[in-house]
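Given next are the chains, with one letter for each unit.
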Amino acid sequence: ASAQFQLAVPLAVVFAPGSVPGDLLRPLPFRDVQEMELSVNLRTPITSRYEMIYRSTTAREEAALGAATAREADAALYPLQDASLGSLTVYVVPETSSLLPQGINVYVGKHRSALVRAGGGLAALRTRLQQLTQVMSFTANSITAALSDRVPDGQLSPDARRHLKSSLGYEITFSLLNPDPKSHAVEWDIEEAVNRYVQPVLDKLSLVANFSVDSQILYYAVLGVTPRFDKESSSFLLSTHSLPHVINPVEARLGSSAASLYPVLNFLLYVPERSHSPLYIQDKDGAPVSTNAFHSPRWGGIMVYNVEAPSSPQASLPLHVDVDMVQVMEVFLAQLRLLFGLSREELPPEFLLERPGNEGLADWELDRLLWAHTVENVATVSTTLTSLAQLLDKIGNIVIKDDVASEVYRAVASAQSAMAELAVGHLHSAFQASKEAVTSSERAFFDPSLLHLLYFPDDQKFAIYIPLFLPMAVPILLSLAKIVRETRQRKKEPTKMD
């Protein structure tokens, strides 16, 4: 698609009393638009457009900014701001404000707003605003990652293909691997842990896709790699280069992805057998990994859970083990964020980001995900429809039913609608339209009536039918030859009589 993406972000810059830069020459309120082209190495030009409104605080906003801490101010300001997806509100507070801790000039809340300390005039404010919009909406990197399938490999950052591809649904499987049930009777309260830690995150992400969660316990499932014994620490070690070989043998036992329509995220808790305990994962420098876990891009994560050896050697086996779910879920949620590309980027030291709490992700992080997924969905529709057109071009005698044609029209209309909504800054409706476009384009592409095996090229038809018609054709051809011969004979006879 050579269509141009224009991503518009509505941004309100609100000045508290005493924070208006001296070199701001225009009287408040006023509007301003900043456009810049994102350097994405594609045929598709992508422009970001920040539609800014500069204004003073209202009385209620001023009162909210009188709170004791930035967190309280953020909570009080939340009901007063534009809550639509993709919009941002930045409150500029005086340089002497005690709301922001010492050394912190930018505070990013857990909704769609931030506090910025004034100072350094308009140029400094513009720089901070630009850094903020990069953090809270999208960057050239996040959009490039969304379009990773269209970008040549050499031009991608190593992280670009780590994130899950946009999908209408995801399946999450938590598996407890107990390779040594004779020694360890392991119990985990996975249902309670999912309800308490995972569900709030999935509720927040429900706008992005549908999620289903299941869990299983697998006995005698071993890692495909034998760990190395380390005499010094009298423990067993798994080095970084052996980790990729761990997944395949385990995956054969999981058995969930084969029957799934959607991408499956696997989170595995591995309790090492007694003969390999304790087991630690090493990073590439040989140091132990603090979480004792690792993750595999677009697949999931594995955590090793060591069981304390019994105090007395006479302890009866199997040992009863109750898994500490708080510790485990902390690791799995961090891995879930990584898989969705929600890991926090490196920020300047003057930035302070509020922790999202038990919801697992801030509102602006959800927006970040939606920006990337909307662009990715539109690109996917374009690729799917181009492939469909190429297929139909190759098969001259294919029959296209009305319902397939209407799905194609619907996909094109929805994709155009998504791009139009992006250009005016309506992120929510743009994302919904992009999802509808993907659904319609896939329905058209996978329609059973377009199965190319149903349509044969002409040379194949000749190859099939000639052997059938040849036996019938031989007597017909012979009798035709006989008729021709007789006709010639008759023509020649009268001339002889002369």
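Residues numbered from 1 in each chain as written. Predicted model: local features only at pLDDT ≥ 70, side-chain atom pairs only at ≥ 80, totals over all residues. Heavy atoms only, no water.

Going by what an unreviewed UniProt entry lists, the chain is known as PIGS transamidase and is assigned to Pedionomus torquatus. In its Sequence similarities (unreviewed entry) section, the UniProt entry covering the chain states "Belongs to the PIGS family." In its Pathway (unreviewed entry) section, the UniProt entry covering the chain states "Glycolipid biosynthesis; glycosylphosphatidylinositol-anchor biosynthesis." (UniProt positions renumbered as here; feature names shortened; annotations may be inferred.)

A. A look at the overall build of the chain. Along the backbone of the chain there are eleven helices and 17 strands. At 33 Å, the chain has a C-alpha radius of gyration far larger than the 23 Å of a compact globule built from 498 residues. Viewed in the frame of its principal axes, the chain has a C-alpha envelope of about 135 × 80 × 35 Å. Every one of the 498 residues in the chain was classed for burial, and the buried ones make up 46%. For the chain, the proportion of contacts with a sequence separation of at least 24, taken over those separated by at least 6, is 75%. Taken as a whole, the chain presents about 26200 Å² of accessible surface, with 56% of it coming from carbon and sulfur. Here the chain carries 42 positive and 54 negative side-chain charges, and the mean point of each set is 10 Å from the other. (Helix = DSSP H or I, 4+ residues; strand = E, 2+ residues; numbered from the N terminus. Rg over C-alpha atoms; globule rule 2.2 N^0.38 Å. Buried < 20%, exposed > 50% of the residue type's maximum accessible area, 1.4 Å probe, protein only. Contact = heavy atoms within 4.5 Å. Areas by Shrake-Rupley, 256 points an atom, 1.4 Å probe, with all protein chains shown as cover. Lys, Arg positive; Asp, Glu negative; His and termini not counted. Charge placed at Lys NZ, Arg CZ, Asp CG, Glu CD.)

B. Local environment of the sheet that holds strand β9 (residues 210–219). Here five strands make up an open sheet; going across it, the order is β9-β7-β12-β15-β14 and the pairing mixed. The sheet is open, and its two borders are formed by β9 and β14 (293–296), each paired with just one other strand. Taking each pair of neighbouring strands and ignoring which way they run, the sheet shows an average axis angle of 15°. Taken strand by strand, helix α5 (residues 190–205) contacts β7 (169–178) and β9, and its axis lies near 155° from that of β9. Most of the contacts of helix α6 (residues 244–254) go to β9, to which it runs at about 100°, and overall it touches β7, β9, β12 (264–270), β14 and β15 (300–304). (Pairing = 2+ DSSP bridges. Axes fitted to C-alpha atoms, helices over the stretch in contact; angles between N-to-C directions.)

C. Main features of the UniProt feature "transmembrane region" (unreviewed entry) in the chain. Mapped onto the present numbering, the UniProt feature "transmembrane region" (unreviewed entry) falls on residues 462–484. Counting secondary structure, residues 462–484 comes out at 100% helix and 0% strand; the distance between its end C-alpha atoms is 28 Å.

D. Region of interest: a negative patch on the surface. Negative charge collects at one region of the surface, where Glu 187, Asp 189, Glu 191 and Asp 322 lie side by side. Along the polypeptide, Glu 191 turns up in helix α5. Judged by its relative accessible area of 61%, Glu 191 is exposed. (Patch = residues over 30% accessible without salt bridge, like charges linked within 9 Å, V, L, I, M, F, W, Y side chains within 5 Å. Salt bridge = Lys/Arg side-chain N within 4 Å of Asp/Glu carboxyl O.)

E. View of helix α7 (residues 325–339). Taking 1.5 Å of rise per residue, 15 residues should cover 21 Å, and α7 covers 20 Å from first to last C-alpha, within 8% of that figure. Residues of α7 that are buried: Met 325, Val 328, Met 329, Val 331, Phe 332, Leu 333, Gln 335, Leu 336, Arg 337 and Leu 339. Taken together, the buried residues of α7 touch β7, α5, β12, β14, β15 and α8 (363–394). The opening residue of α7 is Asp 324, an N-cap whose side-chain oxygen sits 3.3 Å from the backbone nitrogen of Val 326. Immediately beyond the C-terminal end of α7, within one or two residues, lies Gly 341, with a positive phi of roughly 70°. (Expected span 1.5 Å × (residues − 1). Polar contact = N/O pair within 3.5 Å; in protein donor to acceptor, adjacent residues only side chain to side chain.)

F. The sheet that holds strand β11 (residues 235–238), seen in detail. The strand order across the open sheet built from three strands is β10-β11-β13, with neighbouring strands paired in mixed fashion. One side of each edge strand has no neighbouring strand; the edge strands of this open sheet are β10 (228–230) and β13 (279–281). Averaged over neighbouring strand pairs, the angle between their axes works out to 40° when direction is ignored. Of the pairings in the sheet, the one linking β10 to β11 comprises three bridges and is antiparallel in character.

G. How the structure looks around helix α10 (residues 427–445). A rise of 1.5 Å per residue sets the reference length of α10, with its 19 residues, at 27 Å; its end C-alpha atoms lie 27 Å apart and thus fit the reference within 8%. Buried within α10 we find Leu 427, Ala 430, Phe 431, Ala 433, Ser 434, Lys 435, Ala 437, Val 438, Ser 440, Ser 441 and Ala 444.

H. Structural context of the pairing of strand β1 (residues 5–15). Most of β1 sits out of view: nine of its eleven residues are buried. Across eleven bridges, β1 lies against strand β3 (residues 46–56) in parallel orientation. From the neighbouring strand, Leu 11 faces β3, where its bridge partner is Met 52. Examined bridge by bridge, β1 and strand β4 (residues 88–93) share five bridges and lie parallel to one another. Across the sheet, Phe 15 pairs through a bridge with Val 92, a residue of β4.

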